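In case you want the letters, here they are:
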Amino acid sequence: MKTTNSLVLALSMMISTPSVHASKADPKAKKAPSKKAAAGRTTELGKAVPVTGKTGEQEVLLNDPSISEAWGLKMTSAQKAWRLSQGDRKIVVAVIDTGADIRHKDLQSNLWTNSGEVGLDSMGRDKSSNGVDDDKNGVVDDVHGWNFVGNNNKLTDNHGHGTHIAGIIGAEGGNGYGISGVSPKVSLMILKYFEPNSSAGENLKNTVKAIDYAVKMKANIINYSGGGIEPSSEEKAALKRAESAGILVVAAAGNERSNSDIHRYYPADYDLDNIVSVTAIDRTENVLASSNYGEETVDIAAPGYNIISTLPDGKFGHMTGTSQATAFVSGVAALIMAKNPELRKADQIIKYLTQTGDTDLKLAGKTRYLKRLNSYNALAMQNSDLNFNGTRAQAQRREISETTKAPQDLASLAKQMQKHIAPAPAVEEVPVQKGQ
Ligand SMILES: [Ca+2]
Ligand SMILES: [Ca+2]
Ligand SMILES: [Ca+2]
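Keep in mind the model is a prediction, meaning the values are calculated, not measured.

Rules and cut-offs
Residues numbered from 1 in each chain as written. Chains lettered and ligands numbered in written order. Predicted model: local features only at pLDDT ≥ 70, side-chain atom pairs only at ≥ 80, totals over all residues. Helix = DSSP H or I, 4+ residues; strand = E, 2+ residues; numbered from the N terminus. Buried ≥ 20, exposed ≤ 12 C-beta atoms within 10 Å, placed from the backbone. Contact = placed C-beta atoms within 7 Å. Core = buried A, V, L, I, M, F, W, Y, C linked by C-beta atoms within 7 Å. Axes fitted to C-alpha atoms, helices over the stretch in contact; angles between N-to-C directions. Left-handed = near helix turned anticlockwise from the far one by under 90°. Expected span 1.5 Å × (residues − 1). Pairing = 2+ DSSP bridges. pLDDT = per-residue confidence, 0-100. Nonpolar A, V, L, I, M, F, W, Y, C, P; charged D, E, K, R; others polar.

Participant: What is the right way to read the overall build of the protein from this model?
Facilitator: If you tally the helices and strands in the protein, you get 12 helices and 11 strands. In the protein, which comprises 436 residues, the proportion classed as buried is 54%. A separation of at least 24 residues holds for 75% of the contacts in the protein among residues at least 6 apart in sequence.

Given below as structure tokens:
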């Protein structure tokens, strides 16, 4: 039970506290942010405001008033990305966390719905509340997900973390209210594995159950904004089952202030091809002092400081940490999948995420590929002649990794990686540079 204890402790440390900015549903929500946005106000996300005139981030494509406070969306070129895709409810992201406020006005339209547990049964009863496991998946009346702590369908978020993560990934965009998730349209499968007061021994077990539920119910992406410093063979086996199903797992690098190359953090650091490990940066593009880093173990950096998102009871507020950065990456992965229905394999998606980001030398020694998440690039590159096939991608990943270990000219490497993703020149094995 040592493992589970450390998982709990680590998660407790990771989970950040909502700032005082938390407020009732944004009173500004009624006001249109600009004439351009007001003109395009619609509940149909497909009918985006036509983009005219100059290009740039000042353009407002969606009419959600608090998008202007979301510096992370700006840094990752979300507005530009939304011209290429605003997501698709066919893409299912399993949010394994503390539950979520499923009545939140900015989340309710983007919740995953289990089609086998809605409608009327043969006796004319509502399947969502008939006390019957209508789809025979092992749990009863699981409409939007499952609560593995209470073993019921009540997804209430008593902490706030899960609601915040869900909103970053997929708060409804274009509804003239609150914020927009990175993927304005998506399906969020809410899998609750953690309560602030839940017993230590249960958390790892519930994580494994939640992963297996996500696999069984065919989620495309698992967002895991938690973790611990000790591995678990059961957890790894479940993630391996997810890997076999082609499911991408986006995992937090952790908030231990440490080098994950030396002190591993799980599930982010299991040696599986479907896991992408995410660290957090602030507005100045620097990795947060609290975030784990690692030039071998951490794949990509994304915004994670003072991030605005949804909170329980219909509120909005800010949180900080690699949890938030992880949710950004899940959102972009959802956009990539929405834009390209053929692209579903986790290792391919990881290629798009890690190779198309903005190269940033501030990430040298902190991340594997020196990349900062960029939503627009991740989508736009799909129109290029880049060809990521699984085998080649794996080879590239290995070669790039080996190269980044070398104390060589990182600037030229970065330039080369940015230009095209041809394998970096092979480098003889050199001692791994630990620390910074
Ligand atoms: Ca069921
Ligand atoms: Ca039922
Ligand atoms: Ca919204």
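Participant: How should the environment of P267 be read in this particular structure?
Facilitator: Within the secondary structure layout, P267 lies in the loop between β5 (248–252) and β6 (275–281). The class for P267 is buried, based on 27 C-beta atoms found within 10 Å. If near-sequence neighbours (up to four positions away) are discounted, P267 is found in contact with Y224, G227, E235, L239, V249, A251 and I275.

Participant: Mind showing me how you'd approach the nonpolar core here?
Facilitator: Within soluble globular proteins, side chains that are nonpolar generally end up buried alongside one another. Formed by 102 residues in total, the largest nonpolar core has its most connected members in V93, V95, L191, A214 and V329. If you tally residues by element for this core, the top one is helix α8 (residues 322–339), at 11 residues. For V93, the contacting residues outside a window of four places in its chain are I169, G170, V186, L188, M189, A219, N220, I221, N223, S330 and A334.

Participant: Would you mind showing me how to read the packing of α8 against helix α9 (residues 346–356) here?
Facilitator: The relative placement of two packed helices comes down to the angle between their axes together with the axis-to-axis distance. Between α8 and α9, the least distance of the axes is 10 Å, while the angle of their chain directions is 115°. Where α8 crosses over α9, the handedness of that crossing is right-handed. For the pair formed by α8 and α9, the contact residues are V329, V332, A333, I336 and M337 on the first element and I349, Y352 and L353 on the second.

Participant: What should I look at first to understand α8 in this one?
Facilitator: In an α-helix, one turn spans 3.6 residues, which is why side chains three or four residues apart end up on the same side. Between the first and last C-alpha of α8 there are 26 Å, a value that for 18 residues agrees with the 26 Å anticipated at 1.5 Å per step. Counting buried positions over the 18 residues of α8 gives 18, a clear majority of the element.

Participant: I keep staring at the pairing of strand β8 (residues 307–311) and nothing clicks. Help me out?
Facilitator: Where a strand is regular, its side chains alternate between the two sheet faces. In terms of burial, β8 is a largely internal element, 5 of the 5 residues being buried. Once β8 ends, the chain turns through 3 residues before running back antiparallel as strand β9 (residues 315–319), passing D313 with a positive phi of about 65°.

Participant: Before we go on, may I ask you to explain the pairing of β9 in this structure?
Facilitator: Most of β9 is tucked away, with 4 of its 5 residues classed as buried. Bridge count between β8 and β9: 5 bridges; the pairing is antiparallel. Bridge assignment links I307 to a residue of β9, and that residue is M319.

Participant: When you look at helix α5 (residues 161–170) in this model, what are you seeing that I'm missing?
Facilitator: Among the 10 residues that make up α5, 10 are buried, leaving the element largely enclosed by the rest of the structure. By the burial criterion, the buried members of α5 are H161, G162, T163, H164, I165, A166, G167, I168, I169 and G170. Looking at the buried residues of α5, the elements they touch are β1 (87–97), β3 (185–192), β4 (221–224), β8, β9 and α8.

Participant: Honestly, the confidence of the model for the protein in this entry has me stumped. Any pointers?
Facilitator: Interpretation of this model should avoid reading the predicted coordinates in detail wherever pLDDT is low. Averaged over all residues, the pLDDT of the protein is 80; the fraction at 70 or higher stands at 73%. Across residues 1–58, confidence stays below pLDDT 50; counting only partners more than four residues off in sequence or on other chains, it has 105 contacts. Predicted confidence for residues 387–436 stays below pLDDT 50, and this span has 57 contacts to residues more than four positions away or in other chains.

Participant: What is the right way to look at the packing of α5 against α8 in this model?
Facilitator: Interhelical geometry of α5 versus α8 gives an angle of 35° and a closest axis separation of 7 Å. Helix-helix and strand crossings are classified by hand; for α5 and α8 the assignment is right-handed. Where α5 abuts α8, its residues H161, I165, I168, I169 and G170 lie against S323, Q324, A327, F328, S330, G331 and A334. When grouped by side-chain class, the residues that make up the contact of α5 with α8 number 6 nonpolar, 6 polar and no charged.

Participant: Honestly, unusual backbone geometry in this entry has me stumped. Any pointers?
Facilitator: Generally, phi is negative for residues other than glycine and the peptide bonds are trans, each holding for most cases. Cis rather than trans, the peptide bond between Y266 and P267 has omega equal to 15°. The phi dihedral of K218 falls on the positive side, at around 60°, and the residue is not glycine. Within the element layout of this structure, K218 appears in the loop between α6 (200–216) and β4. Look at L370: it is not a glycine, yet its phi comes out positive at around 60°. Mapped onto the secondary structure, L370 falls in the loop between β10 (358–359) and β11 (371–372). With 26 C-beta atoms packed within 10 Å, L370 lands in the buried category.

Participant: It is not clear to me how the environment of N255 should be interpreted in this structure. Could you clarify?
Facilitator: By the element assignment, N255 lies in the loop between β5 and β6. Judged by local crowding, N255 falls into the buried class, with 26 C-beta atoms found within 10 Å. Taking C-alpha positions, N255 is 9.9 Å from T320, a pair spaced 65 residues apart along the chain.

Participant: Can you walk me through the environment of G116 in this structure?
Facilitator: Following the sequence through the fold, G116 ends up in the loop between β1 and β2 (145–147). Residues G116 and K127, 11 residues apart in the sequence, show an inter-C-alpha distance of 8.1 Å.

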